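Spelled out from the first residue to the last, the chains are:
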Amino acid sequence: MALKLVIGNKNYSSWSMRAWLALRANNIEFEEVFIPLYTGEADKQRILSFTHSGKVPALIDGDVTIWDSLAIIEYIAERFPEARLWPEDRARRAHARSISAEMHSGFMALRNECGMNLHRPIGAIALSADARANIGRIEQIWIECRWRYGKMGPFLFGDFGGADAMFAPVVHRFRIYAIEVAPDARDYMDTMMSLPAFQEWTQAGLAETLVIEKFEAV
Ligand SMILES: N[C@@H](CCC(=O)N[C@@H](CS)C(=O)NCC(=O)O)C(=O)O
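Note that this is a predicted model, so its numbers are computed, not measured. (Residues numbered from 1 in each chain as written. Predicted model: local features only at pLDDT ≥ 70, side-chain atom pairs only at ≥ 80, totals over all residues. Heavy atoms only, no water.)

**Focus on the site of the ligand**
Right, on to step 1. Taken together, Ser13, Trp15, Leu37, Tyr38, Lys44, Gly54, Lys55, Val56, Pro57, Asp68, Ser69 and His104 are the residues near the ligand.
Right, on to step 2. Measuring from a nitrogen atom of the ligand, one finds a side-chain N or O atom of Tyr38 at 2.9 Å.
Right, on to step 3. Interatomic distance of 2.6 Å between a side-chain N/O atom of Ser69 and an oxygen atom of the ligand.
Right, on to step 4. Cavity membership is defined here by more than half of the atoms lying within 2 Å of grid points; on that basis the ligand lies in the largest pocket.
Right, on to step 5. Within the shell around the ligand, the residues separate by chemical class into 5 nonpolar, 4 polar and 3 charged. (Near = heavy atom within 4 Å. Polar contact = N/O pair within 3.5 Å; in protein donor to acceptor, adjacent residues only side chain to side chain. 1 Å grid on protein atoms, 1.4 Å probe; cavity = no way out; pocket = protein on both sides within 12 Å on 5 of 7 lines; lining within 4 Å. Sits in = over half its atoms within 2 Å of the grid points. Nonpolar A, V, L, I, M, F, W, Y, C, P; charged D, E, K, R; others polar.)

**As for the pairing of strand E4 (residues 64-67)**
Right, on to step 1. Across 4 bridges, the pairing between strand E3 (residues 58-61) and E4 is antiparallel. Residue pairing across strands places Asp61 opposite Val64, the latter belonging to E4. (Pairing = 2+ DSSP bridges. Helix = DSSP H or I, 4+ residues; strand = E, 2+ residues; numbered from the N terminus.)

**Section: helix H6 (residues 129-149)**
One turn of an α-helix holds 3.6 residues; hence residues three or four places apart share an orientation.
Right, on to step 1. Taking 1.5 Å as the rise per residue, H6 with 21 residues should run 30 Å; its terminal C-alpha atoms sit 30 Å apart, in good agreement.
Right, on to step 2. Of the surrounding secondary structure, the elements contacted by the buried residues of H6 are helix H4 (90-105), helix H5 (108-113), helix H7 (162-176) and helix H8 (183-193). (Expected span 1.5 Å × (residues − 1). Contact = heavy atoms within 4.5 Å.)

**Looking at the layout of surface pockets**
Right, on to step 1. There is about 840 Å³ of room inside the largest pocket.
Right, on to step 2. Lining the largest pocket we find 36 residues, and of these Tyr12, Ser14, Trp15, Tyr38 and Phe215 sit closest to its centre.
Right, on to step 3. For the lining of the largest pocket, the secondary structure elements donating two or more residues are helix H1 (14-24), helix H2 (41-50), H5 and H7.
Right, on to step 4. Two domains each donate at least three residues to the lining of the largest pocket, and these are domain 1 (3-83) and domain 2 (90-201). (Points joined across faces, edges and corners; volume = space filled by probe spheres on them. Domains from an automatic or database assignment.)

**Points about the nonpolar core**
Right, on to step 1. Ranked by size, the top nonpolar core spans 66 residues in total, and within it Trp142, Phe167 and Phe174 carry the most contacts.
Right, on to step 2. Tallying contributions element by element places H7 first for this core, with 9 residues.
Right, on to step 3. In terms of domain composition, this core takes at least three residues from each of domain 1 (3-83) and domain 2 (90-201).
Right, on to step 4. With 10 residues, the next largest nonpolar core counts Tyr12, Ile35, Leu37 and Ala58 among its residues. (Core = buried A, V, L, I, M, F, W, Y, C linked by side-chain atoms within 4.5 Å. Buried < 20%, exposed > 50% of the residue type's maximum accessible area, 1.4 Å probe, protein only.)

**A short note on the domain arrangement of the protein**
Right, on to step 1. Along its sequence, the protein is carved into domain 1 (3-83) and domain 2 (90-201).
Right, on to step 2. A separation of 21 Å is found between the C-alpha centroids of domain 1 and domain 2.
Right, on to step 3. Taken residue by residue, the interface counts 22 residues in domain 1 and 23 residues in domain 2.
Right, on to step 4. Between domain 1 and domain 2 the total buried area reaches about 2,000 Å² when both faces are included, carbon and sulfur atoms providing 68% of it.
Right, on to step 5. When the buried surface of domain 1 facing domain 2 is broken down by residue, Asn11, Met17 and Arg18 rank first, second and third, together holding 32% of it.
Right, on to step 6. Where domain 1 packs against domain 2, one counts 2 salt bridges.
Right, on to step 7. Here Glu200 makes a salt bridge to Arg24, at a shortest N to O gap of 3.0 Å.
Right, on to step 8. Counting across the interface, domain 1 meets domain 2 through 10 residue pairs in polar contact (both at pLDDT 80 or more).
Right, on to step 9. Among the elements of the structure, H1 and helix H3 (69-79) are those that each provide at least two residues to the side of domain 1 that touches domain 2.
Right, on to step 10. In terms of residues, the side of domain 1 that touches domain 2 owes the most to one element, H1, which gives 9 residues. (Buried area = accessible area lost by both parts, 1.4 Å probe. Salt bridge = Lys/Arg side-chain N within 4 Å of Asp/Glu carboxyl O.)

As structure tokens, this is what we get:
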């Protein structure tokens, strides 16, 4: 039975993007179930019919349901070991999981102030000190990975993996809000933006016409 991935609007749903990329970048077949976000009770009930969390993404694999983007990436890594979503080396794997968890549980100021909205005209906004500190820390994470593992390939740990899927929406946030970063971090952004799966998601998001007013404020 084909995997089903329940996702929200590609224009806005950064969490959906992570899980979708982890599958698509590895050519893992799945059926996409699109449910528009914040449209009202009917669509909320549709999400709830897949996952009691009421949030996307959710991955359905037969009678197994996995909700939450990081849990989905972990599940894909176990289910499709050939995708090598985490580094083989234990220390590198621990590093990849640490930065993925740090991404998942942090950077609130950046997330709040620079929502992913692919339609938004590119341009800088005034950011809080907390958001600027978040940006500095993300740059540090990327640059450290590039320095340590750059010889193995252009992504954080060589080939595209789970940590890259976790940080992919940040690449859009930095791009959309014209956030300037150091050259090594910029190289990483360029690598991500040239990934065919990243481009496919982006084109599909740009083709969407649905607008979520509350995400259009900045
Ligand atoms: N921790 C969750 C967060 C998921 C989440 O907040 N999803 C948002 C969309 S990006 C959502 O489903 N919102 C719909 C709602 O709250 O009704 C994850 O990583 O998957």
